[in-house]
Amino acid sequence: MTKFAFVTGANKGIGNEIVRQLAEKSYHVFLGARNEELGQKAVQSLGFSNVSFVQVDISDTQSIQNSKNKILEVTDHLDLLINNAGIALDFGILPSELTLETLRQEFDVNFFGTFQMIQTFLPLVKKSQGGKIVNVTTDMASQTMFDNGQAGQLNILGYNSSKTAVNSLTLTFGKEFGTNGPEILGVTPGFTTTDLNGNAPGGKTTAEGAQIIVKYALSQTNYNGKILDKNGIIPW
Ligand SMILES: NC(=O)c1ccc[n+]([C@@H]2O[C@H](COP(=O)([O-])OP(=O)(O)OC[C@H]3O[C@@H](n4cnc5c(N)ncnc54)[C@H](OP(=O)(O)O)[C@@H]3O)[C@@H](O)[C@H]2O)c1
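Residues numbered from 1 in each chain as written. Predicted model: local features only at pLDDT ≥ 70, side-chain atom pairs only at ≥ 80, totals over all residues. Heavy atoms only, no water.

### Side note on the pattern of salt bridges
A full pass over the atoms with the stated rule returns three salt bridges. For the salt bridge of D195 with K12, the shortest nitrogen-to-oxygen distance reads 3.0 Å. With a gap of 183 residues between them, D195 in the loop between β6 (183-187) and α7 (206-218) and K12 in the loop between β1 (4-7) and α1 (13-24) connect regions that are remote in the sequence. Residue K12 is classed as partly exposed on the basis of its relative accessible area of 45%. For E17, the salt bridge identified is with R20, shortest N-O distance 3.1 Å. Of the two residues, E17 and R20 both sit in helix α1, three residues apart, roughly one turn of that helix. By relative accessible area, which is 28% here, R20 ends up partly exposed. (Salt bridge = Lys/Arg side-chain N within 4 Å of Asp/Glu carboxyl O. Helix = DSSP H or I, 4+ residues; strand = E, 2+ residues; numbered from the N terminus. Buried < 20%, exposed > 50% of the residue type's maximum accessible area, 1.4 Å probe, protein only.)

Next up, the structure:
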């Protein structure tokens, strides 16, 4: 039976590579992008018959609803929802200098957007045997790792705290789901060189970053309500 996955923010970066790797595993992948032209181009350049474009701006309730309707034309269930879309607007900005407007924008996409994606697509994920939701997070959102120096040390309040809030979605929805499925988990790819960080050198390639996320997305082990990096479960 065909397996279905929806990946947001997949016109470029890590999300685009997640789509490629899932398509190679024979998933039918809905490649989500907020910009129609960029999304269609990304589908074309991947060149898989089992990848199709779905427009979604996760900061827009109507857009999320439209994307659900589009997916429902093809399938009544989703085996994987990968909440990958995200923004970081405060690189190089100290907490004392961060504007409320920038902080709100980051929460709008990273937190409120991911929250709405989970609520909207939950009925489809529940219809799949072993359905999973993966929230892409960062080690800097782990309060413990950020405090003790195990995580990257960029003190970017807007990005980091909005991803900490995403981790809270993972924990709380995970508590609701319990052990009977569906599963929800957070995964950090670790520092990966992409547009998000101005293509800062020294990071993983997008293929390497995506591989970590795909590994957990396809794992038979139940990681419901946990956050993980390449080595396993990480602290909150
Ligand atoms: N790169 C890293 O080191 C790193 C580390 C840890 C976690 N992450 C996480 O990994 C995920 C992917 O990031 P990336 O590094 O691949 O960055 P990226 O290349 O900048 O890709 C981000 C993607 O999210 C999309 N997006 C932004 N706002 C959106 C919205 N409102 N609705 C729908 N899509 C939206 C972007 O679309 P546009 O092209 O239209 O802007 C783009 O497709 C993010 O959640 C990020 O926080 C990255």
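After presenting the structure, the write-up continues.
### Remarks on the site of the ligand
Around the ligand, the surrounding shell holds 29 residues, and the nearest of these are N11, R34, N84, Y159 and T194. One nitrogen or oxygen atom from the side chain of N11 is found 2.7 Å from an oxygen atom belonging to the ligand. Between the ligand and K163, the relevant distance is 2.8 Å, taken from an oxygen atom to a side-chain nitrogen or oxygen of the residue. Protein burial of the ligand: of its 900 Å² of free accessible surface, 93% is covered by the chains. Tallied by class, the residues present in the shell around the ligand amount to 12 nonpolar, 12 polar and five charged. (Near = heavy atom within 4 Å. Polar contact = N/O pair within 3.5 Å; in protein donor to acceptor, adjacent residues only side chain to side chain. Areas by Shrake-Rupley, 256 points an atom, 1.4 Å probe, with all protein chains shown as cover. Nonpolar A, V, L, I, M, F, W, Y, C, P; charged D, E, K, R; others polar.)

### What about the packing of aromatic side chains?
Overall, the coordinates contain eight aromatic pairs when judged by the stated rule. Seen from their ring centres, F173 and F177 are 6.0 Å apart, and the 50° between their planes marks the pair as tilted. Placement of the pair is F173 and F177 together in helix α6 (residues 157-177), with a separation of four residues, close to one helical turn. F177 shares its class with F173; the two are buried. (Phe/Tyr/Trp six-rings, centres within 6.5 Å; stacked < 30°, edge-to-face > 60°.)

### Describing the nonpolar core
If you look at the biggest cluster of nonpolar residues, it comprises 31 residues, and the most contacted ones within it are I18, L22, V29 and L31. Considering each element in turn, this core owes the most residues, six residues, to α7. I71, M117, I118 and F121 belong to the second largest nonpolar core, which has 26 residues in total. (Core = buried A, V, L, I, M, F, W, Y, C linked by side-chain atoms within 4.5 Å.)

### Some words on the pairing of strand β2 (residues 28-33)
β2 sits mainly inside the fold: six of its six residues count as buried. Neither face of β2 is exposed, since H28, F30 and G32 on one face and V29, L31 and A33 on the opposite face are all buried. In the sheet, β1 pairs with β2 via four bridges, with the strands oriented parallel. What sits directly across from F6, in β2, is F30. Assessed by its sense of winding, the connection that carries the chain from β1 through α1 to β2 is right-handed. (Pairing = 2+ DSSP bridges. Right-handed = clockwise from strand over helix to strand, strands pointing away.)

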